[in-house]
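Report on the structure
So you can see what is in the structure, the chains are spelled out below.
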Amino acid sequence: MSLFNYLLKPFIIFASLLIAFNTYPQQYQRKLNIFPISDGAGLIKNIYSGGHNNIEHQLIDIDGDEDLDIPFLDSDGTFGWYENIGDKFNPDFEFSLTQIGNFTFSDWFYFVDIDADNDLDYFTGNADHISFYENIGSVNSPLFTLNQDTVRNNEGQPIFSEFGSNPLFTDVDNDNDYDFITGNSAGTLTFYENIGTAQSFNFEFITSQWQDIIIIGGLSNDHGASSLDFVDIDDDNDLDLFWGDFFSASMYFIENQGTASSPDMQLVSNVYPTNADSIQTSGFNMPRFADIDADGDYDLFVSVLYDPTVSQSLMFYKNNGTTSIANHLLITEDYLKTFDVGNTSAPSFVDIDNDNDLDIILGSFNNPLGTLHFLKNIGTSTSPAFEYLDSSYFGIESDLSVSPTLADLDNDNDPDMIIGKFNGKLLIYNNNGNPNSPQFTTGESLLDNNGVEIDVGTTAVPFLFDIDNDSDKDLIIGAFNGKFNLYKNTGSINNYIFEKDTFYFSLTDTTFLDVGDNSTPFIMDYNNDGVNDLFSGSRNGALYQFQNEGTNANPLWNEVTNSFIQGNFGATTIPYFVDIDSDTDTDLFLGNVKGGVYLYINTLVSNVADLEIEPISTFSVKAFPNPFNPKVSLDIHLNNEMKITIEIYNIIGEKVKQLFNGYLSSGEHRFIWNGKNQANEILPSGNYIILARSELVKKALKVTFLK
């Protein structure tokens, strides 16, 4: 049972005043950099942005402060913007938790002042059509509203823009209005001329083979989707073209050898830049040129749209040449510097080195091998800070994906590890080290009680939890089919034996809990009713909450919501609830398909503390010695007779011991805790929370058990 469930009461009584208190998940607030992470290159910025896959981007001044910001769209449909909190000479980009202008993107986007009112509007993909959003706000405070769901040409026909390509608006004929150019999978360009005015656009289809350009790339001479950008790269007052093609590992440079009004586009190079830093990726590179440092020439930003598992995120090439002779040099392949393990992060938390704080171990989905990532907590239990030490922890890897869960399965006071694999099977890694220094042996196939390899089909996501309160860890496994599998531990705390319980997550004899695709289970007693509830992510990015209205032995599952946290997380959400800062409530880390992590801090305790006025009938609690070994005394003073419950929780919010539950008379009372759990087994050293509560008041104390 999780400690923070006791903090979710729907009301608090202050003296004789009853104040309603909303405890729905609005108590969780998203945070970006609250717990720092550093790697070999230094402090990571934009830590809990959620990561990026195949980021489509543009550099524009979206907030009118005379520097360039970066709105973006990821391949999983998530979007947002990075605000330049520096200036136009020294940019410094920070992921914005506040959406500006209420924009929404689909398929692709492009900002442009299409109506010449000195603020930015934008277009976005709508399947194979285009939608137009007008800025009815201002330069500094944009407000975008849908003006045309389907943009039509001068003949009233929908303008077609092939899905997968990234088109743009540019004045390609130098008549002071914006035309529309979009790529085709045939390797050509479609040109719509703006025959309206700068204030009122009206597009006419001209050709699907603009300038007779045809791009055929790759080893097989293929042609496919394209990503385009026009820029006067040689300072000759006409627009040149840069083309990222689906089948090209680099980028095409097509020079305008005509004029601004009468372009003559000629292919100059099929790689760019033409120096030692030539772009070389898995393909489909997206170029965007901008003078990011206000030095009068165009720098280059490139993202890779081909493969979500590529190492490059947003590459930055600085122009070290001149306005007329560009020389782009690669500065970084990760310009935005977010925390990102590649693709599909699966977080888990454990005190792996017995220093009384929680470390992070993350699984990942990458091609060809998923690996395990280790972040050591170099801060404290109350103020964590993490160092990213290893992207292949103990060399643990598997085809495509690994998903970890850790717990002490053999009662030797150190955590062992189970890894879920893409093929639906699992590996057990016994920790043959000690509590201070883990040592994981070669993984062995995880077998059930009949000696048969456990197999849930595809994409096994395991979670260890004592679901039946018998002091050993049971195994819950999510899978690609969206259902949940329970293997009860019918062995002991010393020797696990996992036996399948077919109907634990059933609704009827023939129907079962199902989140669609990619179930990712997490179990805890969320609503403080003594029975375990279920949370799960899903392939579509939803975060499900299932309340158990039965018992732990005979659950009765009810879906409360598929939007436990409001937000667009893209795909394949993987939740982990943990009290990361030892403030007696449970915070939420959310892995996702982009490989980063979202962080939501539970603010309920601090909110209550700000409001609470102790009622007349109250009590006080003291614990000593602290730290303690072998026992700690708990003194409680009551002004009046009342019912008191005293419980002990570990650092990840699991209840390990109920010390007392009953009525106490007024006066002084002393209780002793000897560091043992409900089964009278000695617990590992570390931090624990003692929670004493009456019907009106809760008191929480952190104590440290030393052995």
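Heads up: the structure comes first, above all this text.
Keep in mind that this is a model prediction, so the values were computed, not measured.

Points about the sheet that holds strand β25 (residues 314–319)
Backbone hydrogen bonds hold the strands of a sheet together, and the pairing may be parallel or antiparallel. Strand order in the open sheet formed by 4 strands is β23-β24-β25-β26, and the pairing between neighbours is antiparallel. Two strands lie at the open edges of the sheet, namely β23 (285–290) and β26 (328–332), each paired on one side alone. Neighbour-to-neighbour, the strand axes of the sheet open up by a mean angle of 30°, direction not taken into account. The pairing of β23 with strand β24 (residues 299–304) spans 6 bridges and is classified as antiparallel. Note that in β24 the partner of M286 across the bridge is S303.

A look at the sheet that holds strand β41 (residues 533–537)
Across the sheet, which stays open at both edges, the 4 strands sit in the order β40-β41-β42-β43 with antiparallel pairing between neighbours. Both outer strands of the open sheet, β40 (520–524) and β43 (557–561), are each paired with one neighbouring strand and no more. Taken pair by pair, the neighbouring strands of this sheet meet at an average axis angle of 25°, ignoring direction. Relative to β43, strand β42 (residues 543–548) runs antiparallel, the two sharing 4 bridges. Each bridged residue has a counterpart across the sheet, and for Q545 the counterpart in β43 is T561.

Let's talk about empty space enclosed by the protein
Summed over all chains, the structure comprises 3 cavities of 30 Å³ or more. Within this model, the largest cavity holds a volume of roughly 90 Å³. Around the largest cavity, the lining is made up of 14 residues, and of these P347, P404, P462, I574 and Y576 lie nearest the centre. Mapped onto the lining of the largest cavity, the elements with two or more residues apiece are β27 (346–350), β32 (397–407), β36 (461–465), β40 and β44 (574–578). Tallied by class, the residues present in the lining of the largest cavity amount to 11 nonpolar, 3 polar and no charged. Within this model, the second largest cavity holds a volume of roughly 40 Å³. Residue lining of the second largest cavity: Y48, F339, P347, F349, I360, L362, F589 and V597, and that is the complete set.

Let's talk about the nonpolar core
By size, the foremost hydrophobic cluster in this structure holds 52 residues, and its most contacted members are I37, Y48, F339 and F505. Setting aside residues no more than four positions away along its own chain, Y48 makes contact with R30, K31, L32, N33, F35, I37, F386, F589, V597, Y598 and L599.

The rules behind the values
Residues numbered from 1 in each chain as written. Predicted model: local features only at pLDDT ≥ 70, side-chain atom pairs only at ≥ 80, totals over all residues. Heavy atoms only, no water. Pairing = 2+ DSSP bridges. Helix = DSSP H or I, 4+ residues; strand = E, 2+ residues; numbered from the N terminus. Axes fitted to C-alpha atoms, helices over the stretch in contact; angles between N-to-C directions. 1 Å grid on protein atoms, 1.4 Å probe; cavity = no way out; pocket = protein on both sides within 12 Å on 5 of 7 lines; lining within 4 Å. Points joined across faces, edges and corners; volume = space filled by probe spheres on them. Nonpolar A, V, L, I, M, F, W, Y, C, P; charged D, E, K, R; others polar. Core = buried A, V, L, I, M, F, W, Y, C linked by side-chain atoms within 4.5 Å. Buried < 20%, exposed > 50% of the residue type's maximum accessible area, 1.4 Å probe, protein only. Contact = heavy atoms within 4.5 Å.

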